Amino acid sequence: MWLDRPRNENAPLAGLKVVELARVLAGPWAGQILADLGADVIKVESPEGDGTRAWGPPWVERTAADGTVHREAAYYHACNRGKHSIVADFNDPEDLARVRELCTGADVLIENFKTGGLAKFGLDYAAVSAANPRLVYCSITGFGQTGPRAHEAGYDFVVQGMSGFMSLTGEPDGVPVKMGISISDLSTGVYAANGIQAALLQRERTGKGQQVDIGLMDCSVALLANQATYFLTTGENPPRMGNAHAQVAPYGVFPVSDGHVILAPANDRLFVKLANLLGREDLTEDARFTSNGGRTEHAAVLDAEIAEATKVWTKAGLLAACHEAGVPCGPINTLDEVFADPQVIARGLRVDLGGMPGVRSPFTFSDAELALDRASPMLGEDG
């Protein structure tokens, strides 16, 4: 049984018991973070399994101990590493009793049912905490446990639009664009893991658990950061700016003879360095460009001048020159280039467990280790 299988005792959350009643992405992402940190996470799945098991292509085939071949989507493996899996039908009294027993012995429960959806099974916070007062119960929903939208389902794409993300992403004269990753779901999973650990620390002081209420909309609005303060202090909506920056120039993507590079000289000193290495010392003497405020005001003109100078360089040549001069810069990597990058390799970000590749949680400790000891579980692997 999952509780009897030792994990890395030097992992920060070694010995923590987590029950995951979650599927798709935000909840499982939080569970995977805790699993990487050493928690024992048991994923409770319906007989059909987490829906992401079918979200292919691409597909991954694995052979179970009994010789059965399991074909699952790669998507599923992105957010379920390190867990155990049991199958439970909540409409079956024996299965439901088993899940309740697991919750009674757990430190943490993660669920992403619609608000109030677990009450009919006696798995809501009020019922479960009555049997286990020390439980930290994390509820992940689209809009949180309160407010006029509390009972609505939440979807990453929809929330990216509702939260303002898409009003900020894309070219000024183009259509609003979503992120290339499910940023609302993923950030919610990160916030959830953070909230769970904060509640566990408070439990050490009080001896009591509590409910952690996490909403996709809340987490996405929280990520607006400086764009939110732009609006809150001016009353004006920030514009879509593509790859440009509203407060810094030059700062963006510039052409080279064999592609594009990112240049980010974010202050006067760095701008002078860039202009000098491009052989455009005259730009530093132009009154329009002597301060960041002036450069931002005349960004279109300045960007055109910079682009004219960069386009004769090769990507490797310009990046090397910028690195030597101390000008912030970088390539625009495809994923094959990302995972071939010496820095990514040196940091060990790719992991291979049970023949399944993945990306580890990005924590590195001076006196602890991640628990990277098992791949994502097959459906019902642990009972």
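In case you missed it, the structure is sitting above this.
Model, not experiment: these values are computed from the prediction. (Residues numbered from 1 in each chain as written. Predicted model: local features only at pLDDT ≥ 70, side-chain atom pairs only at ≥ 80, totals over all residues. Heavy atoms only, no water.)

**Quick notes on the pairing of strand β2 (residues 40-45)**
Our working definition: Throughout, exposure labels follow a simple rule: accessible area from a 1.4 Å probe, protein chains only, divided by the maximum for the residue type, with under 20% read as buried, over 50% as exposed, and the rest as partly exposed. Elements are defined by DSSP. Helices are runs of H or I of four residues or more, strands are runs of E of two residues or more, and each kind is numbered from the N terminus. Paired strands, in this sense, are two strands between which DSSP finds at least two bridges. Looking down the strands as they point away from you, a crossover is right-handed if its path from the first strand over the helix to the second goes clockwise.
Taken across its six residues, β2 has six buried, putting it largely inside the fold. Here four bridges tie strand β1 (residues 17-21) to β2, and the two strands are oriented parallel to one another. Residue pairing across strands places Val 18 opposite Val 41, the latter belonging to β2. For the handedness criterion, the β-α-β arrangement of β1, helix α1 (residues 26-36) and β2 is classed as right-handed. Pairing geometry for β2 and strand β5 (residues 84-87), over four bridges, is parallel. Opposite Glu 45, over in β5, you have Val 87 as the bridge partner.

**Observations concerning the pattern of salt bridges**
Rules: Salt bridges are defined as contacts in which a side-chain nitrogen from Lys or Arg sits within 4 Å of a carboxyl oxygen from Asp or Glu.
Within the structure shown, the criterion is met by 17 salt bridges. A salt bridge links Lys 43 to Asp 50; its shortest N-O distance comes to 2.9 Å. The pair Lys 43 / Asp 50 is uniform in exposure class, with both members buried. With a shortest N-O distance of 3.2 Å, Asp 107 and Arg 203 are connected by a salt bridge. In this pair, Asp 107 is assigned in the loop between α3 (93-104) and β6 (108-111) and Arg 203 in helix α7 (residues 183-206), connecting sequence segments 96 residues apart. On the basis of relative accessible area, Arg 203 is assigned to the buried category, the value being 6%. Salt bridges linked by common partners bring Glu 20, Lys 43, Asp 50 and Lys 83 together as one network.

**Some words on the sheet that holds strand β8 (residues 211-215)**
Our working rule: To obtain each axis, a line is fitted to C-alpha atoms, and for helices this fit is confined to the stretch in contact; angles are then taken between N-to-C directions over 0 to 180 degrees. The contact criterion used throughout is that any non-hydrogen atoms of two residues lie within 4.5 Å.
What the six strands build is an open sheet, ordered β5-β2-β1-β6-β7-β8; its pairing is parallel. Of all strands in the sheet, those bounded by a partner on one side alone are β5 and β8. The average undirected angle you get between the axes of adjacent strands in this sheet is 20°. Pairing geometry for β6 and strand β7 (residues 136-141), over four bridges, is parallel. Residue pairing in the sheet places Leu 109 in a bridge with Tyr 137 of β7. Against the sheet, α3 makes contact with β1, β2, β5 and β6, and its axis sits at roughly 145° relative to β5, the strand it touches most.

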